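# Structural overview
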Amino acid sequence: MSNVVNGPEIDCSPAPGDRHHVQILTSRDVPLGGPRAMTVHRTLPQRARSLIGAWCFADHYGPADVRTTGGMDVPPHPHTGLQTVSWLFTGEIEHRDSLGVHAFVRPGEVNLMTAGHGIAHSEVSTPDTTTLHGVQLWVALPDESRDTARNFEHFVPEPIALDGGRVSVFIGDLLGKSSPVTTFSPLLGAQIDLDMGASVTIPVHPTFEHGVLVDQGSVSVEGAEVGQTELAYLAPGHHHITLQSSDERPCRMILLGGTPFGEDLVMWWNFVGRSHEEIVEYRTQWQAQADRFGHVEGYVGGVDRLPAPTLPNARIKPRLTAES
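As a starting point, this report considers the structure included with it. None of the values given here were measured: they were computed from a predicted structure.

### With respect to the sheet that holds strand E21 (residues 219–221)
Two modes of strand pairing occur in sheets, parallel and antiparallel, and in both the strands are linked by backbone hydrogen bonds. In space, the four strands of this open sheet follow the order E19-E24-E21-E22, with antiparallel pairing throughout. Two strands lie at the open edges of the sheet, namely strand E19 (199–203) and strand E22 (224–226), each paired on one side alone. Neighbouring strand axes in the sheet, compared pairwise and without regard to direction, differ in orientation by 25° on average. Of the pairings in the sheet, the one linking E19 to strand E24 (residues 240–245) comprises five bridges and is antiparallel in character.

Structure, rendered in structure tokens:
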């Protein structure tokens, strides 16, 4: 998914926090697409917090009736220095990229694309999709891996039954289940579904920081109430996380985790870099249709590629955040 906001660059520097404090992050609404744009709820990055581990971008969308919104239609666009993680609850998205991959994103199946040195891809909801609902996540690559070759992986996790719920682990490992998809720093990504009024305590890595993004219902995270589209952040130091679903309806959430990233990042548009000069060069190469990003075959839309926004009229600098 393309970042359609031509906003300021972001310094994604992790920072220490009270190990037992639960920080509640609210989302902001961002239109995705043209005049009938589908709205996505963006929780990362934001001024209060830029990263959770290496997770540097989190969009949560739907359930959207795409018969009226026009659905998702994102023309070929570039990425550098990151991995995209696509996870759906409802609907289907057609993926094409410059590696030559033509695949579909379906509920309960993770698609992970590694941009590394550079990649381009398109995303279009399929004609049979009436409701689109899911999350789009980005993972920042550490400095020693950010120029790795482009790649694409697909995995269907087997749900883990809990007393009062279930868990699907699509990145990393949890509750004895592991995902085989490639990561370049310690990470966790899982969908957790809880029955109405259910409570579970899940063992987690104490060196990880964690985020709980609520998709459906409301849940208590370590005693803190978290509503729909909100994200609860927990600093490293937790050996377990206790989740309690409300008595009113079942709850669905995404659990993200990872060791604090420890590197400064500059994020602008769809690029993750380390300096103003890198961002300018990435944009220049994309506009020039350089080999760095390759070419996406088979996309049919109003434009054959998404042009880059205009650069700001000042030197791109990391932006200080509350976590710095």
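Back to the write-up after that little detour.
### Details of the nonpolar core
In this structure, Trp55, Val85, Leu137, Phe170, Ile171 and Ile254 are the most contacted members of the largest nonpolar core, which totals 41 residues. Broken down by element, the residue count for this core peaks at five residues, all from strand E12 (residues 131–140). Ignoring any residue separated from it by four or fewer positions in sequence, one finds Trp55 in contact with Leu44, Ser50, Val85, Leu137, Trp138, Val139, Ile171, Leu187, Leu188, Gly189, Leu256 and Gly257. Within the second largest apolar cluster, 27 residues are counted, among which are Val167, Val169, Val204 and Leu243.

### Side note on the sheet that holds strand E18 (residues 187–194)
Pairing is antiparallel across the open sheet formed by seven strands, whose spatial order is E2-E23-E20-E25-E18-E15-E14. The sheet is open, and its two edges are formed by strand E2 (22–25) and strand E14 (160–162), each paired on a single side. On average, adjacent strands in this sheet sit at an angle of 20° to one another, irrespective of strand direction. Two elements, E14 and strand E15 (residues 165–171), share three bridges in a ladder whose sense is antiparallel. For Ile160, the partnering residue across the bridge sits in E15 and is Val167.

### Here we look at the side chain of Gln191
Its location among the elements puts Gln191 in strand E18. A relative accessible area of 10% means that Gln191 is categorised as buried. At a separation of 2.7 Å, a polar atom in the side chain of Gln191 contacts the side chain of Asp193. In contact with Gln191, other than residues within four places in its own chain, are Trp87, Phe89, Arg166, Val167, Ser168, Phe170, Arg252, Met253 and Ile254.

The rules we used
- Residues numbered from 1 in each chain as written.
- Predicted model: local features only at pLDDT ≥ 70, side-chain atom pairs only at ≥ 80, totals over all residues.
- Heavy atoms only, no water.
- Pairing = 2+ DSSP bridges.
- Helix = DSSP H or I, 4+ residues; strand = E, 2+ residues; numbered from the N terminus.
- Axes fitted to C-alpha atoms, helices over the stretch in contact; angles between N-to-C directions.
- Core = buried A, V, L, I, M, F, W, Y, C linked by side-chain atoms within 4.5 Å.
- Buried < 20%, exposed > 50% of the residue type's maximum accessible area, 1.4 Å probe, protein only.
- Contact = heavy atoms within 4.5 Å.
- Polar contact = N/O pair within 3.5 Å; in protein donor to acceptor, adjacent residues only side chain to side chain.

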